[in-house]
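A closer look at the structure
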Amino acid sequence: MTANWAAFAAAEPDLAGTVEKRFGACTHHVLATLRKDGSPRTSGLEVRFLNGELWLGMMPDSLKALDLRRDPRFALQTNPGEGTGMGGGDVRISGRAVEVDDVETKAGYVEEVEPPEPFHLFRTELTEVVRTYVEDDTYLVVQVWTPGAALRTIKRT
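The model shown is predicted, which means the values in this text are computed figures rather than measured ones.

The next subject is the overall build of the protein. Counting its secondary structure elements, the protein contains four helices and nine strands. Tracing the protein from N to C terminus, the helices and strands come up as α-α-β-β-β-β-α-β-β-α-β-β-β. Expected size for 157 residues packed as a compact globule is a radius of gyration near 15 Å; at 16 Å, the protein falls within 12% of this value. Projected onto its principal axes, the C-alpha coordinates of the protein cover approximately 50 × 30 × 30 Å. Residue burial in the protein is summarised as follows: out of 157 residues, 38% are buried. A separation of at least 24 residues holds for 55% of the contacts in the protein among residues at least 6 apart in sequence. Total accessible area on the protein is roughly 8700 Å²; 49% of this is exposed by carbon and sulfur atoms. Taking the average location of the 18 positive side-chain charges in the protein and that of its 24 negative ones, the two points are 8 Å from each other.

Listed below in structure tokens is the structure:
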């Protein structure tokens, strides 16, 4: 089961707001894809939240784009930023990336983002969103959301 960003934000608006804020704190984040042989590849990436979707834009024929065309599974992790504070916690998103070739959709993205052209554009289908943070310098808190399930919160000392 998957959900787009709008469905996630409707189900968990507070967590979605925190996730967007964390991704907005830095420009570049880390995308993990699967190589042809099944081994992981990590790459830097900028992301955009527009019109109820989480978008991944990439240079033409970049290895990460070719990976996603072959196997759409991905994991995306926020840049931790300066130092070790990670205000808002560590955020990870997993899912599937669906390439968008629709001219009108790509034109709308270009209007908003102004990426260098040509480019690959992927819309995401989320399978999991995880936030990990420290509460009161005492607890490690892990929030896990998956489509169709209630938000789970785990606290450890």
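Turning to the nonpolar core, a few remarks are in order. Of all hydrophobic cores here, the largest spans 24 residues; its most connected members are L56, L76 and I93. Elements represented by at least two residues in this core include exactly α1 (5-11), α2 (13-24), β4 (53-58), α3 (63-70), β5 (73-77), β6 (90-99) and β7 (120-135). If one sorts the elements of this core by residue count, α2 sits on top with four residues. Other than its neighbours up to four places away in sequence, L56 contacts L31, L45, V47, L76, A97, H120, L121, F122 and T124.

Moving on: the packing of aromatic side chains. Counting across every chain of the model gives six aromatic pairs. Note on W5 and F8: the rings are 4.9 Å apart at their centroids and 65° apart in plane angle, and the pair reads as edge-to-face. Here W5 pairs with F8, and both are found in helix α1, just three residues apart, close to one helical turn. Members of the aromatic cluster, joined through ring pairs, are W5, F8, F23, F49 and W145. One cation-aromatic arrangement involves K106 over F119; the distance from NZ or CZ to the ring centre is 4.6 Å.

It is worth spelling out helix α4 (residues 103-113) at this point. Within the sequence span of α4, burial applies to K106, Y109 and V113. Seen end-on, α4 carries its buried residues on one side only, within an arc spanning 60°. Exposed residues pointing more than 90 degrees away from the buried face of α4 are listed as V103, E104 and E111. The elements touched by buried residues of α4 are β3 (47-50), β4 and β7. Backbone geometry just after α4 places E114 at a positive phi near 55°.

Bringing the pairing of β4 into the picture now. Consecutive side chains along a regular strand alternate between the two faces of the sheet. Burial of β4 is extensive: five of the six residues sit out of reach of the surface. In this sheet, β4 lies alongside β3 in antiparallel orientation, the contact comprising four bridges. Looking across to β4, one finds that V47 is bridged to L56. The turn joining β3 and β4, which pair antiparallel and follow one another in sequence, is formed by two residues; a positive phi near 55° is taken by N51. The pairing of β4 with β7 spans four bridges and is classified as antiparallel. Bridge pairing in β7 places W55 opposite R123.

Let's shift gears to α3. Listed in full, the buried residues belonging to α3 are K64, A65, D67 and L68. Looking straight down α3, one finds its buried side chains confined to an arc of 160°; they lie on one side. Looking at the buried positions of α3, the neighbouring elements they touch are β1 (29-34), β2 (40-45), β4, β5, β6 and β7.

Cut-offs used in this document
- Residues numbered from 1 in each chain as written.
- Predicted model: local features only at pLDDT ≥ 70, side-chain atom pairs only at ≥ 80, totals over all residues.
- Heavy atoms only, no water.
- Helix = DSSP H or I, 4+ residues; strand = E, 2+ residues; numbered from the N terminus.
- Rg over C-alpha atoms; globule rule 2.2 N^0.38 Å.
- Buried < 20%, exposed > 50% of the residue type's maximum accessible area, 1.4 Å probe, protein only.
- Contact = heavy atoms within 4.5 Å.
- Areas by Shrake-Rupley, 256 points an atom, 1.4 Å probe, with all protein chains shown as cover.
- Lys, Arg positive; Asp, Glu negative; His and termini not counted.
- Charge placed at Lys NZ, Arg CZ, Asp CG, Glu CD.
- Core = buried A, V, L, I, M, F, W, Y, C linked by side-chain atoms within 4.5 Å.
- Phe/Tyr/Trp six-rings, centres within 6.5 Å; stacked < 30°, edge-to-face > 60°.
- Lys NZ or Arg CZ within 6 Å of the ring centre and 35° of its normal.
- Arc of directions from axis to C-beta.
- Pairing = 2+ DSSP bridges.

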